Amino acid sequence: MKLEARRVPGFLAAPPATCRVILLHGSDDGLIRLRAEAVTRAVIGAADDPFRVAWLGRDEAGRIPEEVAAQSMIGGRRVVRLRDAGDAASGPLERALAAGGEALVVLEGGELPARSKLRALVERREDAASIGCYPLEGRAARAWMAEMLRGRGVVASEDALAWLGMQLGADHAVAVAELDKAALYAGADGRLDLAAARESVGDVAEASLEDALFAATEGDAAGADRALSLALAQGTTPIGVLRAALLHLQRLHRAELEVSAGGDIESAARQARPPVFFRRAPAFRRALGLWPGAALLPVMQHLLDAELACKRTGAPDALICRNAVFALARLAARRRAGGRSVSAG
């Protein structure tokens, strides 16, 4: 069955004994993880009891039937947790359900489409629950943050909540950790204003070098600049940025060669090396659609030239690095707008 959002908190706090499978899926990895841990604690009283929890990775889905059939040595219901669950788990899961067993199977999936075999299997059964896990946005996100802080004895001002809503990104677990920091910073008086929010919470939204590079190759100059600022503030060196950017474009170029040879964008992205993290795959495919291989070559040369410039004595390396990434984003934006005859200079 597909569980309605209003029923989720109560269901995870006390999952019925008749429920044999819970599928957590969606784009909020942190929320998936938190909910998986919450339901595990509800069943066994802890999140990591080795006698009552079986941990399976993506390539171990075939072990689901044997783990479901296994008995705990110390008694009580067991939990079988499968990370990165995808359609490959549907066959083993169906066999496990047909064979019986008391264990609760908790599947931690990603963004599974409605046509997914795994979702279809879970959603058509009355002894299984499919739960979507997606980031809150706008007013709903601010209301959730206000509730979280109130639960920690803190009242936040409207401008603090608005600022936090812009900064805390889409990962639920990261947001919870940052709100915990804010609550500690608020201290005894229990009030969090904008200044206190800025002091206590790091800007963790899109806060990695990879975020900057994916934003740049899609033409999002503002997003690239913001994420790059965070990466540099966190200690990434300008030369490290430029080398990572070159590696990113080389991966994109190799995938584009596959497409030019007659392959499709989907398979080229899937076979990219190093592998593209599944959450990044849509952005990688969009970039592939923007950048023919011939257009990438001068940009890669521009990055090499920028690295050499950074190594010159007295060169403003942070500025050179920023300009190179911004130039990449500007070119991508022009390509997205329809311009094709652009240069990296």
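None of the values given here were measured: they were computed from a predicted structure.

### Observations concerning the overall build of the chain
Link 1 in the chain: Across its full length, the chain carries 16 helices and seven strands.
Link 2 in the chain: Across the 345 residues in the chain, those meeting the buried criterion constitute 48%.
Link 3 in the chain: Put simply, 73% of the contacts in the chain that link residues at least 6 apart link residues at least 24 apart.
Link 4 in the chain: For the chain, the exposed area adds up to about 17000 Å²; of that, 53% sits on carbon and sulfur atoms.
Link 5 in the chain: Once the 45 positive and 43 negative side-chain charges of the chain are each reduced to a mean point, those two points are 3 Å apart.

### Here we look at the nonpolar core
Link 1 in the chain: By size, the foremost hydrophobic cluster in this structure holds 44 residues, and its most contacted members are Leu228, Leu249, Leu252, Phe284 and Trp291.
Link 2 in the chain: Of all the secondary structure elements, the ones that give two or more residues to this core are α10 (209-217), α11 (221-233), α12 (238-260), α13 (265-270), α14 (281-290), α15 (293-310) and α16 (317-336).

### Details of the sheet that holds strand β2 (residues 53-56)
Link 1 in the chain: What the five strands build is an open sheet, ordered β2-β3-β4-β1-β5; its pairing is parallel. Looking at which strands have only one partner, the edges of the open sheet turn out to be β2 and β5 (128-132). Averaged over neighbouring strand pairs, the angle between their axes works out to 15° when direction is ignored.
Link 2 in the chain: Here strand β3 (residues 79-85) pairs with strand β4 (residues 104-109) via six bridges, running parallel. When the bridges of β4 are listed, arginine 83 appears paired with glutamate 108.
Link 3 in the chain: Here helix α2 (residues 29-44) sits on the sheet and contacts β1 (21-25), β2, β3, β4 and β5; the angle it forms with β4, its principal contact strand, is near 170°.

### With respect to the pairing of β4
For a regular strand, side chains alternate in direction, first toward one face of the sheet and then toward the other.
Link 1 in the chain: Most of β4 is tucked away, with six of its six residues classed as buried.
Link 2 in the chain: Neither face of β4 is exposed, since Leu104, Val106 and Glu108 on one face and Val105, Leu107 and Gly109 on the opposite face are all buried.
Link 3 in the chain: In terms of handedness, the path from β3 via helix α4 (residues 90-99) over to β4 forms a crossover that is right-handed.

### Observations concerning the side chain of serine 130
Link 1 in the chain: Checked against the element boundaries, serine 130 lands in strand β5.
Link 2 in the chain: Using a relative accessible area of 1% as the deciding quantity, one classes serine 130 as buried.
Link 3 in the chain: In contact with serine 130, other than residues within four places in its own chain, are Met1, Lys2, Leu3, Leu23, His25, Arg119, Val122 and Glu123.

### Considering unusual backbone geometry
Link 1 in the chain: With a phi angle near 55°, aspartate 84 is a residue other than glycine that sits in the positive phi range.
Link 2 in the chain: Within the secondary structure, aspartate 84 sits in strand β3.
Link 3 in the chain: For aspartate 84, a relative accessible area of 40% translates into the label partly exposed.

### With respect to the pairing of β5
Link 1 in the chain: By the criterion of burial, β5 is predominantly enclosed, with four of the five residues buried.
Link 2 in the chain: The sheet contact formed by β1 and β5 spans five bridges and is parallel. Within β5, the residue paired with leucine 23 across the bridge is serine 130.

### Some remarks on the side chain of threonine 217
Link 1 in the chain: Here threonine 217 lies in helix α10.
Link 2 in the chain: Exposure remark for threonine 217: the relative accessible area of 0% places this residue in the buried category.
Link 3 in the chain: Reaching out from threonine 217, the side chain makes a polar contact with the side chain of histidine 248 at a distance of 3.3 Å.
Link 4 in the chain: Not counting the four nearest positions on each side in its chain, threonine 217 is found in contact with His248, Leu249, Leu252, Ala287, Leu290, Trp291, Leu328 and Ala332.

### Considering the packing of aromatic side chains
Link 1 in the chain: What the rule picks out here adds up to zero aromatic pairs.
Link 2 in the chain: The ring of tryptophan 291 has arginine 335 sitting right over it, with the charged end atom 5.8 Å from the ring centre.

### Some details on the packing of α10 against α11
Link 1 in the chain: One way to put it is that α10 packs onto α11 with a least axis distance of 8 Å and a crossing angle of 160°. As judged from the angle between their axes, α10 and α11 are roughly antiparallel. Crossing of α10 over α11 shows left-handed handedness. Contacts between α10 and α11 involve Leu209, Asp211, Ala212, Ala215 and Ala216 from the first element and Gly223, Ala224, Ala227, Leu228 and Ala231 from the second.
Link 2 in the chain: Broken down by class, the residue content of the contact of α10 with α11 amounts to eight nonpolar, one polar and one charged.

Reading the values: the criteria
Residues numbered from 1 in each chain as written. Predicted model: local features only at pLDDT ≥ 70, side-chain atom pairs only at ≥ 80, totals over all residues. Heavy atoms only, no water. Helix = DSSP H or I, 4+ residues; strand = E, 2+ residues; numbered from the N terminus. Buried < 20%, exposed > 50% of the residue type's maximum accessible area, 1.4 Å probe, protein only. Contact = heavy atoms within 4.5 Å. Areas by Shrake-Rupley, 256 points an atom, 1.4 Å probe, with all protein chains shown as cover. Lys, Arg positive; Asp, Glu negative; His and termini not counted. Charge placed at Lys NZ, Arg CZ, Asp CG, Glu CD. Core = buried A, V, L, I, M, F, W, Y, C linked by side-chain atoms within 4.5 Å. Pairing = 2+ DSSP bridges. Axes fitted to C-alpha atoms, helices over the stretch in contact; angles between N-to-C directions. Right-handed = clockwise from strand over helix to strand, strands pointing away. Polar contact = N/O pair within 3.5 Å; in protein donor to acceptor, adjacent residues only side chain to side chain. Phe/Tyr/Trp six-rings, centres within 6.5 Å; stacked < 30°, edge-to-face > 60°. Lys NZ or Arg CZ within 6 Å of the ring centre and 35° of its normal. Parallel < 35°, antiparallel > 145°, perpendicular 65-115°, else oblique. Left-handed = near helix turned anticlockwise from the far one by under 90°. Nonpolar A, V, L, I, M, F, W, Y, C, P; charged D, E, K, R; others polar.

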